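Architecture and fold: a report
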Amino acid sequence: MSLFTRKERNQQLAKGKLVKYITYAIGEILLIVVGVLLAVMINTKVADSKNRAAIKNIYLRLYEDLGEDIKKADQLLRYYALKDSLIYEVMNDLVTEEDYLNVENYRLRSLVITYEVLEIQDQSFKSIMALNNKVTLKQDSVFSKIKLLYFDKKSSVERNNAYITNMVIGNIDWIKFNTSWFSNFYFMDRPPTATEIEFYLKNDIYRNLVTEYSQTGPGNHVRSVLSYRKSAGQLYAELGNYLDIENTSIYDGAQYEQFIGRYSIEENSLEVVVKDAQLYLEQTGYSEQIIPLSSNCFTTSDGGFYYITQNSSQQVTGLQVRYGGSRYNLQKQMDQ
């Protein structure tokens with residue numbers, strides 16, 4: 001074989017080894033890349049699973065907090081239902097001197113200088129917000145409703161908490177500096193003085209204070225609490241379904257069956273019905289879930305307080321609707 005042929009053959013062999021080496025190296029690199037990608041995918045799935053488990057645990061805590069806050073909201077609404085009745089009686093001159101002399105009837109004397117607020121828990125919400133960027137929460141329909149409740153509804157309640165607090169403090173200051181009986185008032189076991197009773201019954205400034213209280217308390221404060229209560233109740237039920245909790249009802253509708261029926265006044269009527277194991281107030285083109293406050297009183301997000309009326313046999317005969325200074329009496333249709 002000639003020298004030229006041998007040299008050419010050696011070059012081809014060397015070239016073949018290089019190709020094989022490059023091919024091997026590329027294969028090794030690809031294996032490393034695939035391995036890294038698989039590791040990243042596995043780690044991502046593990047992290048995603050852990051984050052979703054964390055979110056579910058936080059959702060469970062939020063669900064429990066919501067249940068407690070809803071009960072507190074209902075308690076505050078019961079408080080305002082009583083206040084609303086007292087305001088109506090005062091402004092319509094239905095309160096007598098004897099009513100004020102009754103030391104047990106302290107709510108009358110403290111009408112414009114006492115208040116309650118709704119403190120909403122938000123630690124669970126803050127924990128959820130801290131996980132906002134770790135999981136695609138923005139694609140979670142529950143998350144958007146949670147943000148609406150705590151950014152919007154909660155803020156509205158807190159603003160009105162502050163309004164009623166500041167107003168009552170102002171009322172106390174006015175009475176403290178402009179009356180002679182203020183110190184006597186704080187001893188509730190003592191009957192009011194004649195001067196104090198005259199202030200309640202005849203002083204126009206007191207009536208102005210009652211009017212302002214009515215607008216700020218049973219008015220604006222109640223509406224913000226009702227708005228929160230409605231959204232919180234809906235979210236509570238949705239979170240319960242999300243967490244596979246069987247019973248997400250705040251109250252047992254069977255306890256309030258006495259509300260069920262059709263009520264009318266002149267040409268207008270409304271009806272209390274059962275839907276999905278919950279009670280609803282319905283009129284033409286209007287349906288609203290009921291919030292029971294007691295065995296004879298409920299409210300809805302429209303801000304009115306609804307009281308059933310009964311005869312001597314405890315049979316429901318009608319419904320009185322109370323909106324601030326207004327009262328409407330509806331008769332129950334007994335053919336139900």
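Structure: see above.
Residues numbered from 1 in each chain as written. Predicted model: local features only at pLDDT ≥ 70, side-chain atom pairs only at ≥ 80, totals over all residues. Heavy atoms only, no water.

1. Re a nonpolar patch on the surface
- Together, I29, V33 and L37 give the surface a local cluster of nonpolar side chains, amounting to about 270 Å² of exposed area.
- Within the secondary structure, V33 is located in helix 1 (residues 3–91).
- Given the relative accessible area of 41%, V33 is considered partly exposed. (Patch = residues over 30% accessible without salt bridge, like charges linked within 9 Å, V, L, I, M, F, W, Y side chains within 5 Å. Areas by Shrake-Rupley, 256 points an atom, 1.4 Å probe, with all protein chains shown as cover. Salt bridge = Lys/Arg side-chain N within 4 Å of Asp/Glu carboxyl O. Helix = DSSP H or I, 4+ residues; strand = E, 2+ residues; numbered from the N terminus. Buried < 20%, exposed > 50% of the residue type's maximum accessible area, 1.4 Å probe, protein only.)

2. Some words on the pattern of salt bridges
- Tallied over the entire structure, the rule returns 13 salt bridges.
- The salt bridge partner of E196 is R109, with a shortest N-O separation of 3.0 Å. Highlighted residues: E196 in helix 7 (residues 194–202) and R109 in helix 3 (residues 106–109), separated in sequence by 87 residues.
- Residue E196 is classed as buried on the basis of its relative accessible area of 0%.

3. Structural notes on helix 7
- What helix 7 keeps buried is the set E196, I197, F199 and Y200. Buried residues in helix 7, looked at end-on, bunch into an arc of 155°, giving them a common side. Across from the buried face of helix 7, at angles greater than 90 degrees, the exposed residues are A194 and K202.
- Elements that come into contact with the buried residues of helix 7 comprise helix 2 (97–101), helix 3, helix 5 (141–178), helix 6 (182–185) and helix 8 (204–242). (Arc of directions from axis to C-beta. Contact = heavy atoms within 4.5 Å.)

4. Structural notes on the side chain of D65
- Within the secondary structure, D65 is located in helix 1.
- It is R61 that comes nearest to the buried, bridge-free D65 among opposite-charge side chains, at 6.3 Å.
- A polar contact of 2.8 Å, which involves the side chain of D65, links it to the side chain of S124.
- Apart from residues lying up to four places away in sequence, D65 is in contact with Q121 and S124. (Lys, Arg positive; Asp, Glu negative; His and termini not counted. Polar contact = N/O pair within 3.5 Å; in protein donor to acceptor, adjacent residues only side chain to side chain.)

5. Details of helix 4 (residues 123–130)
- Residues of helix 4 that are buried include every one of S124, F125 and I128, and no others. Seen from one end, helix 4 has its buried residues packed into an arc of 100°, which puts them on one side. Set apart from the buried face of helix 4 by more than 90 degrees, the exposed residues are Q123 and A130.

6. As for the packing of aromatic side chains
- The final tally for this structure, using the stated rule, is 16 aromatic pairs.
- With centroids separated by 5.4 Å and ring planes inclined at 70°, the aromatic side chains of Y79 and Y80 adopt a geometry described as edge-to-face. For the pair Y79 and Y80, a shared accessibility class is recorded, and that class is buried.
- Taken together through their ring pairs, the aromatic side chains of Y100, W174, W181, F199, Y200 and Y206 make up a single cluster.
- Lying over the aromatic face of Y307, R322 brings its terminal NZ or CZ to 3.8 Å of the ring centre.
- The residue whose ring lies beneath R327 is Y88, and the NZ or CZ to ring-centre distance is 3.8 Å. (Phe/Tyr/Trp six-rings, centres within 6.5 Å; stacked < 30°, edge-to-face > 60°. Lys NZ or Arg CZ within 6 Å of the ring centre and 35° of its normal.)

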